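# Per-entry structural report
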Amino acid sequence: MPELPEVETTVVSIRQHLRGRRILKVWCDAPKLVRRSSFSVFSRQIRGARVLDVTRRAKNILIFLDRDRLLLVHQKMTGHFLIGKWRVRGRRVTPLSPKVLFDRVNGYIHLIFYLDDGTMLGLSDLRKFAKVILGSRHEILALPELADLGPEPLHKSFTFAQFYKTLEGQKRKVKQVLMDPYVIAGIGNIYADEILWAAKIYPARPAGSLTLSELKKIYKAMRRILKEAVRLGGTSVGDYRTPSGKEGGYASRRAVYGREGEKCPRCGTVIRRITMGGRSAHFCETCQRAPL
DNA sequence: ACAATTACCTGTATGC
DNA sequence: TGCATACAGGTAATTG
């Protein structure tokens, strides 16, 4: 699932291909991915737009275009971008359609942007949960899913004092709080489990019950793990790939996520999985002891 | 006002 | 073997 490190990896990668390029046209076989306007309006408005820059906010990808347009893409669970070329130095290298070309690598491309240098940017999404919205810069940035987001966990200004303030008084379970994008942006199920394992905190502890030293451990683990995962290109679970088609390098570092029944890398206890609010939490009951 | 639950999807895994 | 059902999960929408 694309979380902060996967989205950051995606943004850094596609930025190189998109910056300065013009979007010639867009193709789609799942028009419901486009929200707040019909696909035909979306298609008409994006045609001819030039990409100024690509950035990230939480798990949202922000593609800044000329003429005051801003394209928001949220990959949700199975969405991911793939880069393809259909021409090399002005010559076609294949008679196949781009869709067929892409499908040889990944069968779930539902949206393709055709760029003016022959590059294709494909959005793969097995479950079609991804969200694409085009609007004016102000319109998009004012959407609650952007405007109301919590702080970026890796930002320099997000100090421990800030972190403490955001968790203080929270009655919910610490894992649920870490995953709430309106509290902290960008942490999902994989990294919440990994962070709590590293910090040796039981995931169902009420956030407000954590001591200062426990919160400090979580904060430090959060910064360290997210930075390391960004450095390694994220984690591949399921069919997630980086835009160039590679698996994320953090997958092999996973200590607990998706490892139910395997041994804790720290103490050898068998990893357990419990359900919390319809979501699974993986942890080591020896390292992450439940109170009483 | 807040917290908990459901909807959105479909491939994969499991059970009978 | 085949069919039905459960499960996965980010977040908006809905319900409690």
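Residues numbered from 1 in each chain as written. Chains lettered and ligands numbered in written order. Predicted model: local features only at pLDDT ≥ 70, side-chain atom pairs only at ≥ 80, totals over all residues.

### Regarding the overall build of chain A
Which entries qualify depends on this criterion: Strands are runs of DSSP state E lasting at least 2 residues, helices are runs of H or I lasting at least 4, and numbering of each runs from the N terminus. Atoms counted for the radius of gyration: C-alpha only. Globule rule: 2.2 Å times residue count to the power 0.38. Contact between two residues is assigned whenever their backbone-derived C-beta positions fall within 7 Å.
Helix and strand content of chain A: nine helices and 12 strands. Taking 19 Å as the expected radius of gyration for a compact globule of 292 residues, we find that chain A reaches 20 Å, a close match to that expectation. Each of the three principal axes of chain A carries a C-alpha extent, and together these read 65 × 40 × 30 Å. Across chain A, every contact between residues at least 6 apart in sequence was considered, and the portion connecting residues at least 24 apart equals 64%.

### Some points on the pairing of strand 12 (residues 279-283)
Along any regular strand the residues' side chains alternate between the sheet's two faces. Put simply, the rule reads: By definition, two strands form a pair when at least two bridges between them are found by DSSP.
The pairing of strand 11 (residues 272-276) with strand 12 spans five bridges and is classified as antiparallel. Directly across from M276, in strand 12, lies its bridge partner R279. Where strand 11 hands over to strand 12, the hairpin turn is made up of two residues, of which G277 adopts a positive phi near 55°.

### Remarks on the protein's contact with DNA strand C
Filter applied, for reference: Each residue receives a C-beta atom placed from its backbone. It is near a molecule or strand if this atom lies within 6 Å of it. In this classification, Asp, Glu, Lys and Arg are treated as charged, Ala, Val, Leu, Ile, Met, Phe, Trp, Tyr, Cys and Pro as nonpolar, and every other residue, Gly included, as polar.
Lining the immediate surroundings of DNA strand C are 16 residues, of which M1, E145, G188, N189 and S280 lie closest. Of the residues belonging to the surface near DNA strand C, the class tally is six nonpolar, four polar and six charged.

### What about the protein's contact with DNA strand B?
Around DNA strand B, the structure places K32, L126, R127, K128, F129, K171, R172, G277 and G278. Of the residues contributing to the surface near DNA strand B, the split by class is two nonpolar, two polar and five charged.

### Structural notes on the domain arrangement of chain A
By a widely used convention, the size of an interface equals the accessible area lost when the partners come together. We count it as follows: Note that domain bounds follow an automatic or database assignment of domains.
Under the domain assignment used here, chain A contains domain 1 (4-147) and domain 2 (160-283). A C-alpha centroid distance of 29 Å is found between domain 1 and domain 2. In this assembly, 18 residues from domain 1 lie in contact with 20 residues from domain 2. Elements with a minimum of two residues in the side of domain 1 that touches domain 2: helix 1 (4-18) and strand 5 (79-85).

### Considering the sheet that holds strand 8 (residues 109-115)
Defined as follows: With axes taken as lines fitted to C-alpha atoms, and helix axes fitted only over the stretch in contact, angles between N-to-C directions fall between 0 and 180 degrees.
In spatial order, the strands read 1-8-9-5; together these four strands make up an open sheet with antiparallel pairing. Lying at the two open borders of the sheet, with one neighbouring strand each, are strand 1 (23-28) and strand 5. Averaged over all neighbouring strand pairs, the angle between strand axes comes to 20°, with direction disregarded. Here strand 8 pairs with strand 9 (residues 119-125) via five bridges, running antiparallel. Residue pairing for strand 9: Y114 is matched across the bridge by M120. Packing against the sheet, helix 1 makes contact with strand 5 and strand 9, and its axis sits at approximately 30° to strand 5.

### Focus: the UniProt feature "active site" (unreviewed entry) in chain A
Which entries qualify depends on this criterion: UniProt positions are given in the numbering used here, feature names are shortened, and annotations may be inferred rather than shown by experiment.
Following the UniProt record, the feature "active site" (unreviewed entry) maps to P2, E3, K59 and R279 here. Along the chain, P2 falls in the segment before helix 1. Discounting residues that sit within four places of it in the chain, P2 has contacts with V7, T10, K59, Q75, G79, H80 and Y240.

### Regarding the environment of Y219
For Y219, the location among the structural elements is in helix 9 (residues 212-231). A C-alpha to C-alpha distance of 8.8 Å links Y219 and T159, two positions 60 residues apart in sequence. Excluding residues that lie within four positions of it along the chain, Y219 makes contacts with F160 and F163.

### So, the nonpolar core
For the record, the criterion: Each nonpolar core comprises buried Ala, Val, Leu, Ile, Met, Phe, Trp, Tyr and Cys residues, the members being joined through C-beta atoms within 7 Å. With C-beta atoms placed from the backbone, a residue counts as buried when 20 or more other C-beta atoms lie within 10 Å of its own, as exposed when 12 or fewer do, and as partly exposed for counts between those limits.
Of all hydrophobic cores here, the largest spans 73 residues; its most connected members are I63, L121, L178, Y191, I195 and L196. Residue contributions to this core peak at eight residues, all from helix 8 (residues 189-199). Composition of this core by domain shows at least three residues from each of domain 1 (4-147) and domain 2 (160-283). Dropping the residues within four chain positions of it, L121 is found in contact with I14, H17, L18, F81, I83, I112, F113 and L115.

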